[in-house]
Amino acid sequence: MFFFCGTQQALSADELLERLNNVDISLLTCDPHDEVYSLYGHTAIRVKDAGTGQDFVVNYGVFDTRESMFVLRFIFGLTDYTMEMFPYKDFLAEYKRFGCGIYEQRMNMSPKEKLQFMLALQENAKDENKVYRYNYFYNNCTTKARDILLDAFDGVTEPVAKSSLQQGERSFRQLVHQGNEDYPWTMAGNDLLLGVGADANTSYEEREFLPRVLAADFDSTNVVYADGMQKPLVSSAFWALEKGKKWQNPDMPTFPLSPMMCALIFFFVVAVWVLVECFVLRKSLPYVHYVIYCMYAWVGVLLFLMLFSQHPTVRVNFQIFIFNPLFFIFALPKVMKKWGRYAILVSLMIFLVGNIFQTYAEGTNVMAFALLTTFLPHLFCGVKKK
């Protein structure tokens, strides 16, 4: 599979190491494009052998949406990704079509370190090893590329200076926002699913799940050896592909209104209906209220399923108290007359207090106050219950 397969036995150690002088191993950092899975960019490894002409890319980000129950497996964090290798020219052509730049950083490896990398890659490429359990923050295509590259060095890596992306405190949520800030509905969807853990400050290594962070860190890192010798991790860096006209995905979901605007419109509609109940109908229509609560509860079903997900930072999520699947029961007219209203109020209060611990999706606090307005007819307007 690799350039030295089948020749290792024929070549002496010195000859093999000499041959590796012609090999360049690089980290490739690709700009984002208009696919949901690529909003944060991509990382791959390039292996180029000037002696044999071989030039291929190692890609840890291969997945198949046609896989059985792919969406369900993704929700529960049970998605498997695969490491595959492709001709570099095909990889380059794909990103050229997207209009995305590719930043290449050549690793400053000795022949021995290159050999260690190639042997690890050969082992990783075996059918029983190439598939891995994907984890967005801790085990993705970027962290896999980082680990196999750094493990090949005989020394330890130490940052010379922190990049701007490593300055100050940053949570997983803030880092993710940097990739989807131009896509408000994608950002809102992520924030809805991410829980309290996503707001904790991340460590230096944890931030490297993002391709652009890893690339910046590699540019400012030295390798330190046991004898005290140091060298830059990257020998040279350049744009292998300049940015072009960015491809616009016609299937990328768009909506003219932001999540906050939609939430405000919803709040306005509910408030107007409550006023109609108070001053026109002079009575509450409990089944209309039940429909409203069921809309929230259906979203809560998804959040409830996330309690069983293997994805990090999604299990403890205060937003489940506003999108609460128990509203299917609490909001039943007969239950509301007894204790349901108190259970809903407590749930809403816990949600509002949760703002202290968690950053909510855009508009969810407005959605909470929309629900609170449904209590106004009973508390202030003196309407009769139907």
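Note that this is a predicted model, so its numbers are computed, not measured.

Chemist: Got a sec to walk through the overall build of the chain? Specific residues and values, please.
Modeler: Summing up its helical and strand segments, the chain has 14 helices and twelve strands in all. The long-range fraction of contacts in the chain, counting pairs at least 24 apart against all pairs at least 6 apart in sequence, stands at 76%.

Chemist: How would you summarise the packing of aromatic side chains if you had to cite specific residues and measurements?
Modeler: The tally for this structure, following the rule as stated, stands at 22 aromatic pairs. Aromatic pair Tyr40 and Tyr136: ring centres 5.8 Å apart, planes at 65 degrees, arrangement edge-to-face. With Tyr40 in the loop between strand S1 (23-30) and strand S2 (42-49) and Tyr136 in the loop between strand S6 (131-133) and helix H5 (141-150), this pair connects stretches of sequence that are 96 residues apart. Between Trp298 and Phe328, the ring centres sit 5.1 Å apart and the planes meet at 75 degrees, which makes this aromatic pair edge-to-face. Of this pair, Trp298 sits in helix H10 (residues 286-306) while Phe328 is found in helix H11 (residues 327-330), placing the two residues 30 residues apart along the sequence. A residue is classified by how much of its surface remains accessible, and Phe328, at 22% relative accessible area, is partly exposed. Connected via pairs of aromatic rings, a cluster forms that spans Tyr40, Tyr136, Phe137, Tyr138, Phe172 and Phe209.

Chemist: Pulling in residues and values, what's your account of helix H9 (residues 259-281)?
Modeler: The terminal C-alpha atoms of H9 lie 31 Å apart, and with 23 residues this matches the ideal 33 Å at 1.5 Å per residue to within 8%. For H9, the set of buried residues is Pro259, Ala263, Phe266, Val270, Val274, Glu277 and Cys278. Of the residues flanking the end of H9, it is Arg282, one or two places downstream, whose phi is positive at about 60 degrees.

Chemist: For the side chain of Asp217, give the residues involved together with the corresponding values.
Modeler: Assignment of secondary structure puts Asp217 in helix H8 (residues 211-219). For Asp217, the side chain forms a polar contact with the side chain of Ser163, separated by 3.5 Å. Dropping the residues within four chain positions of it, Asp217 is found in contact with Ser163, Gln166, Tyr204 and Glu208.

Chemist: Just give me the short version of the nonpolar core, but keep the residues and values in it.
Modeler: Ile25, Ile45, Tyr60, Met107, Phe117, Leu121 and Leu149 are the most contacted members of the largest nonpolar core, which totals 33 residues. Elements with a contribution of two residues or more to this core: S1, S2, strand S3 (55-62), strand S4 (80-87), helix H4 (111-124), H5 and H8. Here Ile45 is in contact with Ile25, Ser26, Phe56, Val57, Val58, Tyr60, Phe117, Ala145, Ile148 and Leu149, once residues within four sequence places are set aside. Counting 31 residues, the second-largest nonpolar core is a separate cluster that includes Leu192, Cys278, Cys294 and Ala370.

Chemist: Could you give an account of the sheet that holds strand S7 (residues 156-159), with specific residues and numbers?
Modeler: Strand order in the open sheet made by the three strands is S7-S8-S9, with antiparallel pairing throughout. Edge positions in the sheet fall to S7 and strand S9 (230-232), since each of these pairs with one other strand and no more. Strand-to-strand twist of the sheet, defined as the mean angle between neighbouring strand axes without regard to direction, takes the value 35 degrees. Sheet topology note: the S7/strand S8 (residues 221-224) ladder contains four bridges and is antiparallel. Counted as the bridge partner of Glu158 is Asn222 from S8.

Chemist: I'd love a proper account of the layout of surface pockets, names of residues and values included.
Modeler: What the second largest pocket holds in volume is close to 330 Å³. Lining the second largest pocket are 22 residues, and of these Asp31, Pro32, Leu39, Tyr40 and Arg212 sit closest to its centre. Sorting the residues of the lining of the second largest pocket by element identifies S1, helix H6 (172-180) and H8 as the ones contributing at least two each. Ranked by residues supplied to the lining of the second largest pocket, first place goes to H8 with five residues.

Chemist: Describe the sheet that holds strand S5 (residues 102-107), naming the residues involved and giving the relevant values.
Modeler: Sheet architecture is open: seven strands sit in the order S6-S4-S3-S2-S1-S5-S10, paired in antiparallel fashion. The open sheet terminates on both sides in strands that have one partner only, identified here as S6 and strand S10 (234-241). This sheet shows a mean twist of 25 degrees between the axes of neighbouring strands, independent of strand direction. Examined bridge by bridge, S1 and S5 share five bridges and lie antiparallel to one another. The residue bridging Thr29 from the neighbouring strand is Tyr103, located in S5. Lying on the sheet, H8 is in contact with S1, S2, S5 and S10; it crosses S5 at an angle near 40 degrees.

Chemist: For unusual backbone geometry, give the residues involved together with the corresponding values.
Modeler: For Thr313, which is not glycine, the phi torsion reads 65 degrees and is therefore positive. Considering the arrangement of structural elements, one finds Thr313 in the loop between H10 and H11. For Thr313, a relative accessible area of 18% corresponds to the buried category.

Chemist: Can you tell me about a nonpolar patch on the surface, naming the residues and giving the values?
Modeler: On the surface, Trp185, Phe255, Leu257, Met260, Met261, Leu264, Ile265, Phe268, Val269 and Val272 cluster together to form a nonpolar patch covering roughly 890 Å² of accessible area. Top contributing element to the nonpolar patch by residue count: H9, with seven residues. Note that Trp185 resides in helix H7 (residues 184-193). On the basis of relative accessibility, which here comes to 40%, the residue Trp185 falls in the partly exposed class.

What counts as what
- Residues numbered from 1 in each chain as written.
- Predicted model: local features only at pLDDT ≥ 70, side-chain atom pairs only at ≥ 80, totals over all residues.
- Heavy atoms only, no water.
- Helix = DSSP H or I, 4+ residues; strand = E, 2+ residues; numbered from the N terminus.
- Contact = heavy atoms within 4.5 Å.
- Phe/Tyr/Trp six-rings, centres within 6.5 Å; stacked < 30°, edge-to-face > 60°.
- Buried < 20%, exposed > 50% of the residue type's maximum accessible area, 1.4 Å probe, protein only.
- Expected span 1.5 Å × (residues − 1).
- Polar contact = N/O pair within 3.5 Å; in protein donor to acceptor, adjacent residues only side chain to side chain.
- Core = buried A, V, L, I, M, F, W, Y, C linked by side-chain atoms within 4.5 Å.
- Pairing = 2+ DSSP bridges.
- Axes fitted to C-alpha atoms, helices over the stretch in contact; angles between N-to-C directions.
- 1 Å grid on protein atoms, 1.4 Å probe; cavity = no way out; pocket = protein on both sides within 12 Å on 5 of 7 lines; lining within 4 Å.
- Points joined across faces, edges and corners; volume = space filled by probe spheres on them.
- Patch = residues over 30% accessible without salt bridge, like charges linked within 9 Å, V, L, I, M, F, W, Y side chains within 5 Å.
- Areas by Shrake-Rupley, 256 points an atom, 1.4 Å probe, with all protein chains shown as cover.
- Salt bridge = Lys/Arg side-chain N within 4 Å of Asp/Glu carboxyl O.

Geometry only, nothing functional implied.
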